[in-house]
Amino acid sequence: YRRQRQMCIRDRAETAMQCVKTLLEEAGSKLEHICKTTIYITDRAYREKVYHVIGKHLKGIHVCSTGLIVKGLARPEMLMEIDIEAIIPDDENE
């Protein structure tokens, strides 16, 4: 069971980043507006894979990032969570 969970962490991170991109776009923003990330993982072993996926999506975007290893998330099947803060520049929509 642990091996199955480990194999899918990369896919979960990819899905999370696709959701981030979609939600930012729906709010009139984009990945380049991200200024802060907080990444929660439930196992230290997930760190490298999760950070690799996030780094791929945020390549060239320099953000302040916090990573936390937590005992659990809102639901037992959740293995990682990402919290994003973005600032849309005032002149972006002009």
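Definitions and limits used
Residues numbered from 1 in each chain as written. Predicted model: local features only at pLDDT ≥ 70, side-chain atom pairs only at ≥ 80, totals over all residues. Heavy atoms only, no water. Helix = DSSP H or I, 4+ residues; strand = E, 2+ residues; numbered from the N terminus. Contact = heavy atoms within 4.5 Å. Buried < 20%, exposed > 50% of the residue type's maximum accessible area, 1.4 Å probe, protein only. Pairing = 2+ DSSP bridges. Right-handed = clockwise from strand over helix to strand, strands pointing away.

Draft legend 1. Main features of the environment of Ile82. With respect to the helices, strands and loops of the structure, Ile82 is situated in strand β3 (residues 80–86). Each C-alpha atom of the pair Ile82 and Met17 lies 8.3 Å from the other, and the pair is 65 residues apart in sequence. Non-local contacts of Ile82, meaning those with residues more than four positions away in its chain, are made with Ala16, Met17, Val20, Thr38, Ile39 and Ile54.

Draft legend 2. Representation of the pairing of strand β1 (residues 34–41) within the structure. Burial of β1 is extensive: 6 of the 8 residues sit out of reach of the surface. Strand direction decides the pairing type here: β1 and β3, joined by 7 bridges, are antiparallel. Within β3, the position partnered with Tyr40 by the bridge is Glu81. As for the winding sense of the linkage, the β-α-β connection from β1 through helix α2 (residues 47–57) to strand β2 (residues 64–69) is right-handed.

Shape descriptors only; they carry no functional weight alone.
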